[in-house]
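Observations on the three-dimensional arrangement
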Amino acid sequence: MKKSNSLDTVEKHTVATAELSDDDDKELLALGYKPSFKREFSNLATISFAFSIMGLCSSIATTFNTPLLLGGPSTVVWCWILGASVCFTLGTSIAEIVSAFPTCGGLYTASAQLTPKKHRAKVGWLVGWLNILGQIAGVSSTEFGLSNMIWAAVSIGQGDKFELTAGKTVGLFAGLMVFHGILNSLATRHLAKMTAGFVFVNLGTTFLIIIVLLATTPRSEMHPASYVFGSEGIVNQTGGWNTGIAFLFGLLSVQWTMTDYDATAHISEEVHRAAYAAPSAIFIAVIGTGLIGWLLNIVMILCSGPLENLPGPSGSAFLQIMVNRMGKTGALILWVPVCLTAFFVVQTALQATSRTVYAFSRDNGLPDRGYFGKNSKSTDTPLRAVWLSTFIGILPGLLDLASPVAANAIFSLTAMALDTSYIIPIFLRRIYHSHPEVNFKPGPFYLGNGILGHFCNWMCILWTCFICVIFSLPTVLPVTKDNMNYASAITGGVVILSSLWYIVSGHKHYHGPQSNLHEDSEAETKTTPPEEARNLA
């Protein structure tokens, strides 16, 4: 009898899951795309994916030097919560669009839908290239950062006898990239199961660092509130910028950490109840990362010790604070899950990047005749796009062997290119909201057309324009070829070159996001009335 009840329960669950998948697939068909992926990501796996893409403790660890050594300890604390608060408006604005367009193309596909027909191809082309190159640079820079984190631990462990070379860093970086390519070659069900556990390592490590630091730092050695939150903690070390600009440089850490929001959108065709789950995961992850990240930054500064002793021999102020308080052994033990968190960032980011490349190729945005826009029959995942993204991601790291300045210039593309690609569809969503050729059908996650919706949308647009200016400034004066900030030049170059490419040849094969329902079988075509499928051309 118990066995019969168990079988009934399994059967009901299977039927319910199939019905949810059918609803998701109907929504995808209505957007003009046939289902090409298996929906294996549960709510937990989707939330874990959204948290993992931001990294939290690992992303803070790799960017902690910037606010601390440019603007001082108080800059770390206040710039984080300031930036996180405004990033929340960007995250909710993106979640609203993702809820309305739950496709693997993400904001790239949405941007073309949110503009009149005559502009769709141009807008789709620009947003697509900004998003793809920003994601690839993000994967590459995070993997390179992970390589440096691992070697920093080796440096702490071996002391002065260890010598780090560019060859060691790049070699480990390339090996990690290939390993991530192999992991991303797994079927969706394996990726979903693996991803579901990432969030527990991420949050668990963060809270463990907070607890251990507070437990191992004597009360007499903790900094006072005036140092953590007050003017005593504002220390301008930029070499020439005024204190206000030095303080604003502290925003670079939070902006770098809280980016790639739309990564969850790129797996939406692999998610159950995508129109609900994907935007909800983005919303939860943005709030959680913002608040927990602020707590971590406060505790790090509280227990940081003398500023003149940082960043220490490892070059990482975050790791050095852990070593000073926990001892070498304790710090290195906790550094392992921090590195694992960075590993998870690359894992999820590469998955999202490959889906974007797949969607862009599917729409003939690449000069490949759709070669990278195909799924493998064995895994139902875009293996070609995975390995294209992997090998292109290795190139900036290899560049470090010839010129570290050039490699860092490519890495700097990440935040500016991604944030720019985000605000374009948000901007279009507002200025063309009543245009007869733009049919924005809100999803379940909807901010509305009232004060809340307008505030979130326009605030994030203005903030992103402002932060792009900060991203463009050299952080140290006087400016030399080694410390010059090439972010704006690289991003501008991408826009100019992609525009020229479109004018010369891109317009011949790319006409904006295209429906692929014509590739369906005759049976599937009959079950889908033509009026239900929106032509994205």
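The notes below deal with the structure included here. Everything numeric here is computed off the predicted structure, so don't read it as measured data. (Residues numbered from 1 in each chain as written. Predicted model: local features only at pLDDT ≥ 70, side-chain atom pairs only at ≥ 80, totals over all residues. Heavy atoms only, no water.)

**Describing the nonpolar core**
As a reminder of what qualifies: The criterion is simple. A nonpolar core is a set of buried Ala, Val, Leu, Ile, Met, Phe, Trp, Tyr and Cys residues joined through side-chain atoms within 4.5 Å. The rule is simple: take the accessible area with a 1.4 Å probe, protein chains only, and divide by the maximum for that residue type; under 20% is buried, over 50% is exposed, in between is partly exposed. The contact criterion used is simple: two residues touch if any of their non-hydrogen atoms lie within 4.5 Å.
Ranked by size, the top nonpolar core spans 150 residues in total, and within it F64, I94, I209, M258, Y261, F318 and W335 carry the most contacts. Among all residues touching F64, those that are not within four sequence positions of it are V76, N297, M300, I301, A317, F318 and I321.

**What about the packing of helix α2 (residues 43–54) against helix α14 (residues 274–302)?**
Note the cut-off: Axis lines are fitted through C-alpha atoms, for helices just across the contact stretch, and the angle between N-to-C directions can take any value from 0 to 180 degrees. By definition, any uninterrupted DSSP run of H or I lasting at least four residues is a helix, any uninterrupted run of E lasting at least two residues is a strand, and each is numbered from the N terminus. Here is the rule for angles: anything less than 35 degrees is roughly parallel, anything more than 145 is roughly antiparallel, 65 through 115 is roughly perpendicular, and the remaining ranges are oblique. Each helix crossing is assigned a hand: it is left-handed if the near helix lies turned anticlockwise from the far helix by less than a right angle, otherwise right-handed if that turn is clockwise. Each residue is assigned to one class: nonpolar for Ala, Val, Leu, Ile, Met, Phe, Trp, Tyr, Cys and Pro, charged for Asp, Glu, Lys and Arg, and polar for all the others, Gly among them.
Two elements in contact, α2 and α14, have axes separated by 8 Å at closest approach and are oriented at 45°. Here α2 is positioned oblique relative to α14, judged by the angle of their axes. The crossing of α2 and α14 is right-handed. On the side of α2, the interface is formed by N43, T46, I47, A50, F51 and M54, while α14 contributes A277, A278, A281, I282, I284, A285, V286, G288 and T289. Across the contact of α2 with α14, the residue classes break down as eleven nonpolar, four polar and no charged.

**Description of the pattern of salt bridges**
Worth spelling out the cut-off: We define a salt bridge as a side-chain nitrogen of Lys or Arg found within 4 Å of a carboxyl oxygen belonging to Asp or Glu.
A complete count under the given rule lists five salt bridges for this structure. In this structure, the salt-bridge partner of E269 is R362, at a minimum N-O distance of 3.8 Å. Highlighted residues: E269 in the loop between α13 (251–257) and α14 and R362 in helix α15 (residues 317–362), separated in sequence by 93 residues. Using a relative accessible area of 2% as the deciding quantity, one classes E269 as buried.

**A closer look at unusual backbone geometry**
Residue P311 is bonded to the preceding L310 through a cis peptide linkage, with omega at 15°. Turning to its location among the elements, P311 is positioned in the loop between α14 and α15. In the segment running from L477 into P478, the intervening peptide bond is cis, with an omega of -5°. For P478, the location among the structural elements is in the loop between α19 (451–472) and α20 (487–509). The backbone of N364 sits at a positive phi, close to 65°, despite the residue not being glycine. In this structure, N364 sits in the loop between α15 and α16 (383–402). The partly exposed category is assigned to N364, whose relative accessible area is 29%. The residue D380 is not glycine, and still its phi comes out positive at about 60°. Take D380: it is sitting in the loop between α15 and α16.

**A short note on a nonpolar patch on the surface**
Keep this limit in mind: Residues forming no salt bridge and having over 30% relative accessible area are the ones grouped into patches, like charges within 9 Å of each other and nonpolar side chains (Val, Leu, Ile, Met, Phe, Trp, Tyr) within 5 Å. For every accessible area listed, the method is Shrake-Rupley and the probe measures 1.4 Å; residues are considered covered only by the protein chains on display.
A grouping of I496, L497, L500, I503 and V504 is seen on the molecular surface, where their side chains present a nonpolar patch of about 530 Å² in accessible area. Residue position: L500 is located in helix α20. In this structure L500 comes out as partly exposed when scored by relative accessible area, which is 46%.

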